[in-house]
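# Survey of secondary and tertiary structure
Residues per chain are reported as follows:
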Amino acid sequence: MTNEISSVFKSTHFPNPTLISVNGVELEVFEAGKENAGKPIVLCHGFPEHAFSWRHQVPALVAAGIM
């Protein structure tokens, strides 16, 4: 993993969420790898974790063209 990719997901650079309402529940969605649009994957976490838990996996998935 290059420094360029890993630096994107440092705590100060973590993407801002998009709020999406689904069946009356607001979900925070963090997007990465927009150049690979059309092939989404969903990473889920349990309570009390946060999307930031995936900060190490997301850059590798983006670099692999999976996200």
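To start, this report covers the structure provided alongside it. (Residues numbered from 1 in each chain as written. Predicted model: local features only at pLDDT ≥ 70, side-chain atom pairs only at ≥ 80, totals over all residues. Heavy atoms only, no water.)

### A look at unusual backbone geometry
- In this structure, Pro48 follows Phe47 across a cis peptide bond, with omega equal to 10°.
- Note on placement: Pro48 falls in the loop between β2 (25-29) and α2 (57-63).
- Although it is not a glycine, Asn23 sits at a positive phi angle of roughly 50°.
- Looking at the element boundaries, Asn23 is found in the loop between β1 (18-22) and β2.
- The exposed category is assigned to Asn23, whose relative accessible area is 79%. (Helix = DSSP H or I, 4+ residues; strand = E, 2+ residues; numbered from the N terminus. Buried < 20%, exposed > 50% of the residue type's maximum accessible area, 1.4 Å probe, protein only.)

### A few points about the environment of Leu43
- Following the sequence through the fold, Leu43 ends up in the loop between β2 and α2.
- Of the residues examined, Leu43 reaches a relative accessible area of 29% and is grouped as partly exposed.
- The spacing of Leu43 and Ser53 is ten residues in sequence and 9.9 Å in space, taken between C-alpha atoms.
- Beyond its immediate sequence surroundings of up to four residues, Leu43 is in contact with Trp54, Val58 and Leu61. (Contact = heavy atoms within 4.5 Å.)

### Regarding the pairing of β1
- Sheet topology note: the β1/β2 ladder contains five bridges and is antiparallel. Paired with Ile20 across the two strands is Leu27, which belongs to β2.
- Joining the antiparallel neighbours β1 and β2 is a turn of two residues, in which Asn23 adopts a positive phi near 50°. (Pairing = 2+ DSSP bridges.)

Coordinates in, geometry out; function isn't part of it.
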